Amino acid sequence: MQDIDENNSPSLPKPTLKELTSASFRVGCLGFGGPAGQIALMHRIFVDEKKWVDEDRYAHALNYCMLLPGPEAQQLATYVGWLLHGVRGGIIAGTLFIVPGALVVFLLSWIYMAAGHLPLVSAAFFGVKAAVFALVAEAMIRIGKRALKGHHAVLIAILSFVALFFWSAPFPLVILVAGLIGVVLSKFGPSPVTQEVADAAQSPSLAKTLATAAIWGTAWFAPVIGAFVALGPDHPLARVGRLFSTLAVVTFGGAYATLAYLKQQAVEVEGWLTTNQMLDGLGLAETTPGPLVLVNEYVGFVAGWSSGGFWLASLCALMAAWCTFAPSFVWIFAGAPLAERLRRLPAANAALKAVTAAVLGVIANLALWFAMHLMFRTIQTLELPGKGELPLPDPQTLDWKAALLCVSACVAVFRFQTGVLTLIIGSAVCGVALTLIFACT
C-alpha cells in the first residue's frame, strides 16, 4: 500500500499516533452539524489549534474529497490522517470520525423502535445546532480570509453560492465548472505550487495504486458477498449491503443528494420504512455527532427490525454503516497519492484552487440553509426566471429561542474565543433549560 512518512512541511509539527488518535476522537465526538460543521471543526483543530496541516494542504485535501462520491467530511478526516501518519493514520482518523456518532445513532435507533422519542435529547441537540451555526460562521470567515486570494477566487465563490442557493444547480456541475475556470485562468498567468510534496506521494506507481484499490475494495465487498452467498440475494442483510454499496458510488453532491436517492429506494422501492420514519431518522442523524449519512445506519436498523428483530437490525445497521464508509478508504488510499501529485502541475493546481473558492460558496449555501431552517418554522419560495427559487423565511414564524441561542453562540465564539467542547456543552445545556422553562409556563 502507498504510504507517506514525511509531514507536509518541515516547519509544521508532526503528531504522534497517540496525539492523532486523541484529536480524531475529539473530532468524532464533537462533529455536529453535517459536513459544513465537521469541515469547520477539523479546520479549527488540525489547522488552527494543532498546526499539523497548513492551509494550502488542507484546502487541497478538501478539494479532492469534494469531487468524490460519499461522505466528504469522513474522507477529509481520512486524508488528513493519511497525510500525517500514512495508512495507519488514515484508518485511525477515518474510523474515529464515525465511531462515536455511529454508537449514538445505534442506541437512539434502538430506543426509537422500542420506546419512541426522548424530548430532553431533542432539546439538548436543539441547543447544539446553535453552536454548529457559530462554528460554521467562524470557519467561513477564517477559510475565506486565507483561501480567497484575488478577485477571480471571490467571483467563483459568489457564483457557486448563487448557482446552488437560487437555482439548485447540481453540485458536481458547480465543482466541474469551477475547475475548468481555474484551468482557463492558469493559461493567462503563473500558477505556482506553494510547496513540494514527498517523493513517495508524488510518484505513485500504477501497480501500487491498483493493488491498494484491490485490497480495500475486497475488504469493502467481503461482507456483502458473504451475505449473498450465505443467506441469498433476497435476505434483508444482502439487500441492505447491495443498496448501500450502490449509494456509495453513485451519490455525488454531499449528504443531501445521498438522502434524496436513499428516500426513494428505502421508502418507495424497498418499503423498509415509512416517510415519517425516514424524516425522524434524518432528524436523529442531524442532531448527533458524525456525518449526516449516519442516517444510513438508522435505515439499516429499521429494515432489519421489521424483518427479524433486534439482532437482525443490529447486523443490518452494521452492514449499512460499513458499506457507507468503507469505500472512503478505497478512494483515499488509492487516490490521495495521485491527488498529491497533481499539486505539482500548474493547470491542476489552478483548477483545485478554483474548486477551493467554489467550496466556500458551497459552505455558505449550507450555512444559510441551516440558519434559516433553524430560526424559522416556515420557509416560503419566490419563483425566479430560469426555474430559480428564492427561499424567504416567514418573519411571523421566527423561533426567537433558536435565534437567541445562535446569537449567544456567536458571541461566545467571536468575542470570547470559547473552545469547541465548552461551546457545545454550554449550548446543549441552554437548549434544555429553555425547553424546560417554557414547558412549565
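Residues numbered from 1 in each chain as written. Predicted model: local features only at pLDDT ≥ 70, side-chain atom pairs only at ≥ 80, totals over all residues. Heavy atoms only, no water.

Chemist: I keep staring at the overall build of the chain and nothing clicks. Help me out?
Modeler: Assigned secondary structure in the chain consists of 16 helices and 2 strands. Considering the chain as a whole, with its 441 residues, one finds that 55% of them fall into the buried category. Accessible surface for the chain amounts to roughly 19,200 Å². Of this, 69% is attributable to carbon and sulfur atoms. (Helix = DSSP H or I, 4+ residues; strand = E, 2+ residues; numbered from the N terminus. Buried < 20%, exposed > 50% of the residue type's maximum accessible area, 1.4 Å probe, protein only. Areas by Shrake-Rupley, 256 points an atom, 1.4 Å probe, with all protein chains shown as cover.)

Chemist: Sorry if this is basic, but what is going on with the pattern of salt bridges here?
Modeler: Between side chains of opposite charge, a pair can form as their charged atoms come close. Taken as a whole and judged by the stated rule, the model has 4 salt bridges. For Lys401, the salt bridge is made with Asp399, and the minimal N-O distance between the two is 3.9 Å. Linked through salt bridges whose partners overlap, the residues forming this network are Arg26, Arg44 and Glu49. (Salt bridge = Lys/Arg side-chain N within 4 Å of Asp/Glu carboxyl O.)

Chemist: Would you take a moment to explain the packing of aromatic side chains for this structure?
Modeler: What describes a pair of aromatic rings is the distance from one ring centre to the other and the angle between the planes of the rings. For the structure on display, the rule yields 18 aromatic pairs. Of the aromatic side chains, those joined through ring pairs into one cluster are Phe106, Trp110, Phe301, Trp305, Phe310 and Trp311. The side chain of Lys401 reaches across the aromatic face of Phe438, ending 5.6 Å from its centre. (Phe/Tyr/Trp six-rings, centres within 6.5 Å; stacked < 30°, edge-to-face > 60°. Lys NZ or Arg CZ within 6 Å of the ring centre and 35° of its normal.)

Chemist: In this structure, what is going on with helix 13 (residues 295–342)? I would like to understand it.
Modeler: Each α-helix winds once per 3.6 residues, and so residues spaced three or four apart point in a common direction. If you check helix 13, its first and last C-alpha atoms are just 34 Å apart, much less than what 48 residues at 1.5 Å a residue would give, namely 70 Å. The sharpest bend along helix 13 measures roughly 145° and falls at Gly308. Of all 48 residues that make up helix 13, 34 are buried, and the element is covered over most of its length. (Expected span 1.5 Å × (residues − 1). Bend = angle between axes of the 7 residues up to and from the residue.)

Chemist: It is not clear to me how the packing of helix 15 (residues 400–414) against helix 16 (residues 420–439) should be interpreted in this structure. Could you clarify?
Modeler: Packed helices, taken two at a time, are described by their axes: the angle between them and the distance between them. One way to put it is that helix 15 packs onto helix 16 with a least axis distance of 11 Å and a crossing angle of 155°. When the interaxial angle is binned, helix 15 and helix 16 end up roughly antiparallel. In this structure, helix 15 crosses over helix 16, and the sense of that crossing is right-handed. Contacts between helix 15 and helix 16 pair Trp400, Lys401, Leu405, Ala409, Ala412 and Val413 from the former with Leu423, Ser427, Cys430, Gly431, Leu434 and Phe438 from the latter. (Axes fitted to C-alpha atoms, helices over the stretch in contact; angles between N-to-C directions. Parallel < 35°, antiparallel > 145°, perpendicular 65-115°, else oblique. Left-handed = near helix turned anticlockwise from the far one by under 90°. Contact = heavy atoms within 4.5 Å.)

Chemist: Which parts of the structure should I look at to understand the side chain of Thr324?
Modeler: By the secondary structure assignment, Thr324 is in helix 13. Under the relative-accessibility criterion, Thr324 is labelled buried at 6%. A polar contact is formed between the side chain of Thr324 and the side chain of Asn296, at a distance of 2.9 Å. If we skip the residues at most four places from it in the chain, Thr324 touches Pro71, Phe244, Val293 and Asn296. (Polar contact = N/O pair within 3.5 Å; in protein donor to acceptor, adjacent residues only side chain to side chain.)

Chemist: Please explain unusual backbone geometry as it appears in this structure.
Modeler: For residues besides glycine, phi is generally negative; the peptide bonds are generally trans as well. One non-glycine residue with positive phi stands out, namely Lys51, at about 55°. Among the secondary structure elements, Lys51 is positioned in the loop between helix 2 (34–49) and helix 3 (55–66). Phi at Gln417 is positive, roughly 50°, even though this residue is not glycine. Note on placement: Gln417 falls in the loop between helix 15 and helix 16. Given the relative accessible area of 54%, Gln417 is considered exposed.

Chemist: So what exactly am I meant to see when it comes to the environment of Tyr298 here?
Modeler: Along the chain, Tyr298 turns up in helix 13. For the pair Tyr298 and Phe106, spaced 192 residues apart in sequence, the C-alpha separation works out to 6.9 Å.

Chemist: I'm lost on the confidence of the model for the chain in this one. Help?
Modeler: Should the pLDDT be low somewhere, the predicted coordinates at that spot are not to be read in detail. Per-residue confidence for the chain averages 82 on the pLDDT scale, and 85% of its residues sit at or above 70. Mean pLDDT across the elements of the chain bottoms out in helix 8 (residues 199–202) (42) and peaks in helix 1 (residues 17–30) (93). Throughout residues 1–9 the model reports pLDDT below 50, and contacts reaching past four residues in sequence, or to other chains, amount to 39 contacts. Here residues 191–202 is a poorly scored stretch, pLDDT under 50, and it has 31 contacts once near neighbours within four places are set aside; other chains count. (pLDDT = per-residue confidence, 0-100.)

Chemist: Where do I start with the environment of Ala317 in this structure?
Modeler: Looking at the element boundaries, Ala317 is found in helix 13. Taking the C-alpha atoms as reference, Ala317 lies 4.5 Å from Phe301; in sequence the two are 16 residues apart.

Chemist: Explain the side chain of Gln74 to me, please; I cannot follow it from the model alone.
Modeler: Within the secondary structure, Gln74 sits in helix 4 (residues 72–115). Side-chain polar atoms of Gln74 contact the backbone oxygen of Gly94, separated by 3.4 Å. Separated by 2.6 Å, the side chains of Gln74 and Ser328 make a polar contact. Gln74 has contacts with Gly94, Phe97, Ile98, Phe325, Ser328 and Phe329, leaving out every residue within four places of it along the chain.

Chemist: Can you walk me through the packing of helix 3 against helix 13 in this structure?
Modeler: Contact pair helix 3 / helix 13: the axes reach a minimum separation of 11 Å and the direction vectors enclose 125°. In terms of axis orientation, helix 3 runs oblique to helix 13. Helix 13 is crossed by helix 3, and the crossing has right-handed handedness. Note on element contacts: helix 13 touches helix 3 through Trp331, Ile332, Gly335, Ala336, Ala339 and Glu340, opposite Arg57, His60, Tyr64 and Cys65.

Chemist: Help me out: how do you make sense of helix 15 in this one?
Modeler: In this model, helix 15 (15 residues) spans 21 Å end to end at C-alpha, consistent with the 21 Å of a helix rising 1.5 Å per residue. The set of residues buried in helix 15 consists of Ala402, Ala403, Leu405, Cys406, Ala409, Cys410, Ala412 and Val413. One side-chain oxygen at the N-terminal end of helix 15 lies 3.1 Å from the backbone nitrogen of Lys401; it belongs to Asp399.

Chemist: What am I meant to see in the environment of Lys129 here?
Modeler: Among the structural elements, Lys129 can be located in helix 5 (residues 119–147). Sequence-wise, Lys129 and Thr288 are 159 residues apart; in three dimensions their C-alpha atoms are separated by 9.9 Å.

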